[in-house]
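# Observations on the model geometry
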Amino acid sequence: MRLQTKLMAAIGIIFILSFAVVEFFDYRQIRHDVQRDMYAEAKVLHDLIMSTRSVYQKQFLESGLELDENTLGFLPGHALPRIVRQFEQWDKSGLTFNNVSDRPRNPVNKADGIEEEAIRFFKENPRAEEWMETYRSEEGQRFFQYSTPLWIDSYCLNCHSREGEASPTLKDYYATDLDYEMEDLAGILSIKLPASILEQRVARQMKQNFFTHLGLFAITFLAVSFFLRRFVLRPLEHLKSATTAWEGGDYSVRAAVAGKDEMADISQAFDNMARAVADREESVLRERGFLQNVIDGIADPIMVIDTDFRILLMNNAVGRDSTDLMAEEERLCHRLSHHSDTPCFGEDHPCPLREVVRTGRSVTVVHRHYYQGEERIVELVASPLWRADGSLLGIIESSRDITARVEAEATVRESERRLKHLAHHDPLTGLPNRLLFKDRLEHALYRARRSGRSLALMFLDLDCFKHFNDSLGHEAGDRILREVAGRLSASVREADTVARIGGDEFVIILEDMHNSEEARAVAEKIQKGLLP
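Now for a description of the structure that goes with this document. (Residues numbered from 1 in each chain as written. Predicted model: local features only at pLDDT ≥ 70, side-chain atom pairs only at ≥ 80, totals over all residues. Heavy atoms only, no water.)

### Points about the overall build of the chain
Heads up, the rule is: Secondary structure is summarised from DSSP: a helix means a run of H or I of at least four residues, a strand means a run of E of at least two, and numbering begins at the N terminus for each. Partly exposed residues are those whose accessible area sits between 20% and 50% of the maximum for their type, while under 20% is buried and over 50% is exposed, using a 1.4 Å probe and protein chains only. Residue contacts are defined here by distance: any two heavy atoms, one from each residue, within 4.5 Å place the two residues in contact. Note on areas: Shrake-Rupley, 1.4 Å probe, and residue coverage restricted to the protein chains presented here.
Summing up its helical and strand segments, the chain has 14 helices and 12 strands in all. Each of the 532 residues in the chain was classed as buried or not, and the buried ones make up 35%. Long-range contacts, defined here as pairs at least 24 residues apart, represent 54% of the contacts in the chain between residues at least 6 apart. With the model as given, the accessible surface of the chain reaches about 33300 Å², and the carbon-plus-sulfur share is 55%.

Below you can see the structure in the form of structure tokens.
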């Protein structure tokens, strides 16, 4: 969901909740005000009725008229019910009023249930001036009952006196004697206000206020939406476009949000950050280019490899020596060097990265790599590359083709071996020469002295060898010497020494001889071996 949609939804929800709260409290206020107005109207009506009642009563008493059936209607207790009936014909709201009592002379003025409750209230609270409650009629209609007490005054006793003191006309009409005294509660003035009046007024006022508030909230919502888009969302869109361009590497784009508010400050901060990042990236590119040029100037292949075997950096020598450079995301060191999907392993082919991870130190290993189908011996030197926090990023691996060096070393070792052999052996027959013979003789004498055993020393030469050599040639003479050397070596033990000390002269050292008979037996064997 886009930020604009989220903000508008959030503001809309806030406005709806605020509108509901305003309407709720407005309803309570309107209801309170209407109740107050109805109370005031009931009070006004009460004052009007009481004024009329008082004027009627005093006027009747001061007129001196004799109370008879023709003047009886002037009494408040008789006149007010007639006024009520006339009022109900003119007013259709359901409002009624009357002066009632719990023991009236006129049955019309008999108090109902709620009015009797009011009378009891005033009897228990003689100082109370009014009483107002809500109730429901038998038909289920709600009413507000407003009541004020009617206390007996001196002129009230003319009609509400004790038995025997009432007017004869009243006695003829009403058989009830009330026996009231001064300051007794004669009854109440009862005003009944239908609650429907309240509800109608509340509904009317609520309807009016509802549309007024709705219009104000709508205008406010539109204004907030306009300013939100103008001063927040639109600058954010500029920032988003700029950051998208920066993500793609174009740091020349600017957010360019005008003004002096916080969004402009954020935009300026983003622009400054973009310039700083651009400068830093340019510096990094220069340094990376410099580093690449430096390692490209090194003839040996160099690679920077992370702990996941990915090649992070390499010089041109790696490209020159490899015939199948992969895509950058597929550059794994073992694929590049061994054409293998798995890293190197084993004692004969150790992985330098794993060795560095295991030891934390530089390592040197020798691998056999293949270039264009040819096996080459490569020496790998891997050094750990640490992050600033001390964790291992990978290794710096340099490799050098040591095939020629290894071959040269092998040649040198072979030459040294041959020179050493030539220094102690006869080049023609391969037998030990005079120098090696002397050394072996000394060792044989030393061992003989230690063991207490004897040794035999035999000296042989070939008769007429010079004649054969001169007549048949040196090549034939060499063949004779090699044949004699072979037969002599075959005639003695492996531990014995047969040496050629020059020309056709040979010497044999026989060790561990117990007596001369053993030496004589060997001599006879040698003679037989030399026979054609």
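### A look at the pairing of strand β5 (residues 302–306)
To be explicit about the condition: Pairing between strands is defined by DSSP: at least two bridges between them are needed.
Where burial is concerned, most of β5 is hidden: five out of the five residues are buried. Summarising the sheet, β5 and strand β9 (residues 392–401) pair through five bridges and their orientation is antiparallel. Considered in β9, the bridge of isoleucine 305 is made with isoleucine 395. Pairing of β5 with strand β6 (residues 311–314), which is carried by three bridges, proceeds in the antiparallel orientation.

### Here we look at the sheet that holds strand β10 (residues 454–461)
Rules: Simply put, an axis is a line fit to the C-alpha atoms, just over the touching stretch for a helix, and the angle between two N-to-C directions goes from 0 to 180 degrees.
One open sheet holds the three strands; their spatial order is β10-β12-β11, and the pairing between them is antiparallel. The sheet is open, and its two borders are formed by β10 and β11 (497–502), each paired with just one other strand. Across the sheet, the axes of successive neighbouring strands diverge by a mean angle of 20°, strand direction being ignored. Its contacts with the sheet put helix α11 (residues 434–451) on β10, β11 and β12 (505–513), and the angle it makes with β12 is roughly 20°.

### Describing the side chain of serine 491
Inclusion rule: Two N or O atoms form a polar contact when they lie within 3.5 Å of each other; inside protein one atom must be a possible hydrogen donor and the other a possible acceptor, and for residues adjacent in sequence the pair counts only when both atoms belong to side chains.
Relative to the helices and strands, serine 491 resides in helix α13 (residues 474–491). At a separation of 2.7 Å, a polar atom in the side chain of serine 491 contacts the main-chain carbonyl oxygen of arginine 487. Apart from residues lying up to four places away in sequence, serine 491 is in contact with Lys525, Ile526 and Gly529.

### Structural notes on the nonpolar core
Stated formally: What we call a nonpolar core is a set of buried Ala, Val, Leu, Ile, Met, Phe, Trp, Tyr and Cys residues that are connected through their side-chain atoms within 4.5 Å.
Formed by 21 residues in total, the largest nonpolar core has its most connected members in Met38, Ile49, Phe97, Ile191 and Leu193. Elements with a minimum of two residues in this core: α1 (3–63), α2 (76–90), β3 (142–151), β4 (185–194) and α5 (195–247). The biggest single contributor to this core is α1, with six residues. Once residues within four sequence positions are removed from consideration, leucine 193 is found in contact with Met38, Ala42, Leu95, Phe143 and Phe144. Membership of the second largest hydrophobic core comes to 19 residues, among which are Leu431, Leu462, Val484 and Val492.

### Topic: the layout of surface pockets
Any space left empty among the atoms is revealed by the rolling of a water-sized probe across them. Where we set the bar: The way it works is a 1 Å grid over only the protein atoms, where trapped points that fit a 1.4 Å probe form a cavity and open points with protein on both sides within 12 Å along at least five of seven lines form a pocket, and then any residue with an atom within 4 Å of a point lines it. Grid points are joined across faces, edges and corners, and a volume is the space filled by probe spheres set on the points. Charged means Asp, Glu, Lys or Arg here, nonpolar means Ala, Val, Leu, Ile, Met, Phe, Trp, Tyr, Cys or Pro, and polar covers whatever is left, Gly included.
Considered as a void within the structure, the second largest pocket measures approximately 260 Å³ in volume. Lining the second largest pocket, in full, are Leu462, Asp463, Phe465, Phe468, Ile480, Glu483, Val484, Arg487, Leu530 and Pro532. Elements represented by at least two residues in the lining of the second largest pocket include exactly α12 (465–472) and α13. Of the residues in the lining of the second largest pocket, the class split is seven nonpolar, no polar and three charged.

### Quick notes on the packing of α12 against α13
Applicable threshold: The labels follow the angle: roughly parallel below 35 degrees, roughly antiparallel above 145, roughly perpendicular from 65 to 115, and oblique for the rest.
The geometry of α12 relative to α13 is characterised by a closest axis approach of 6 Å and an angle of 140° between their N-to-C directions. With respect to each other, α12 and α13 are oriented oblique. Touching Phe465, Phe468, Asn469 and Leu472 of α12 are His474, Ala476, Gly477, Ile480 and Leu481, all from α13. Looking at the contact of α12 with α13 residue by residue, the class counts come to six nonpolar, three polar and no charged.

### Description of the pairing of β9
Inspection of the sheet shows strand β8 (residues 374–386) paired to β9 by nine bridges, in the antiparallel sense. Paired with serine 383 across the bridge in β9 is isoleucine 396.

### A word on the packing of aromatic side chains
The test is simple: Put simply, two rings from Phe, Tyr or Trp (the six-membered ring, in Trp's case) pair if the centres are within 6.5 Å, and we call them stacked under 30 degrees between planes, edge-to-face over 60, tilted for the rest.
Inspection of every chain in the model, using the stated rule, returns 10 aromatic pairs. On the basis of an interplanar angle of 85° and a centroid distance of 5.3 Å, the ring pair of phenylalanine 210 and phenylalanine 211 is categorised as edge-to-face. Under the relative-accessibility criterion, phenylalanine 211 is labelled exposed at 53%. Each residue in the set Phe15, Phe19, Phe210, Phe211, Phe217 and Phe221 is aromatic and connected to the rest through ring pairs, giving one cluster.

### Some points on the pattern of salt bridges
Applied cut-off: Within this document, salt bridges are pairs made up of a side-chain nitrogen of Lys or Arg and a carboxyl oxygen of Asp or Glu, the two lying within 4 Å of each other.
In total, this model carries 19 salt bridges according to the counting rule given. For arginine 500, the salt bridge goes to aspartate 426, with nearest N and O atoms at 3.0 Å. Here arginine 500 is found in strand β11, whereas its partner aspartate 426 is found in the loop between α10 (403–424) and α11, with 74 residues between them in sequence. A salt bridge links arginine 487 to glutamate 483; the nearest nitrogen and oxygen atoms lie 2.9 Å apart. With arginine 487 and glutamate 483 both in helix α13 and four residues apart, this pair spans about one turn of that helix. Taking relative accessible area as the criterion, glutamate 483 reaches 42% and is therefore assigned partly exposed.

### Quick word on the packing of α13 against helix α14 (residues 516–530)
To keep things clear, this is the line we draw: By convention, the crossing between two helices is left-handed when the near helix turns anticlockwise from the far helix through less than a right angle, and right-handed when the turn is clockwise.
For the pair α13 and α14, interaxial distance at closest approach is 9 Å and the crossing angle is 145°. Handedness of the α13/α14 crossing: right-handed. Between α13 and α14, the contacting residues are Val484, Arg487, Leu488 and Ser491 on the first element and Lys525, Ile526, Gly529 and Leu530 on the second. Grouping the constituent residues of the contact of α13 with α14 by class yields four nonpolar, two polar and two charged.

### Considerations on the sheet that holds β4
Strand order in the open sheet formed by four strands is β1-β4-β3-β2, with antiparallel pairing between adjacent strands. Looking at strand neighbours, the two that pair on one side only are β1 (96–100) and β2 (131–136), the edges of this open sheet. Strand-to-strand twist across the sheet, computed as the mean angle between neighbouring axes with direction ignored, equals 25°. With six bridges joining them, β2 and β3 adopt antiparallel strand pairing. Looking at the pairing, tyrosine 135 lines up with phenylalanine 143 of β3.

### Comments concerning the side chain of serine 225
Mapped onto the elements, serine 225 comes out in helix α5. Within the structure, serine 225 has its side chain in polar contact with the backbone oxygen of phenylalanine 221 (distance 2.7 Å).

### Focus on unusual backbone geometry
Its identity is not glycine, yet phenylalanine 309 carries a phi of approximately 70°, on the positive side. The residue phenylalanine 309 is located in the loop between β5 and β6 in this model. A residue is classified by how much of its surface remains accessible, and phenylalanine 309, at 14% relative accessible area, is buried. In the Ramachandran plot, aspartate 512 falls in the positive-phi region, its phi being about 60° despite a non-glycine side chain. Mapping aspartate 512 onto the fold places it in strand β12. For aspartate 512, a relative accessible area of 37% gives the class partly exposed.

Geometric descriptors of this kind do not, in isolation, establish any biological role.
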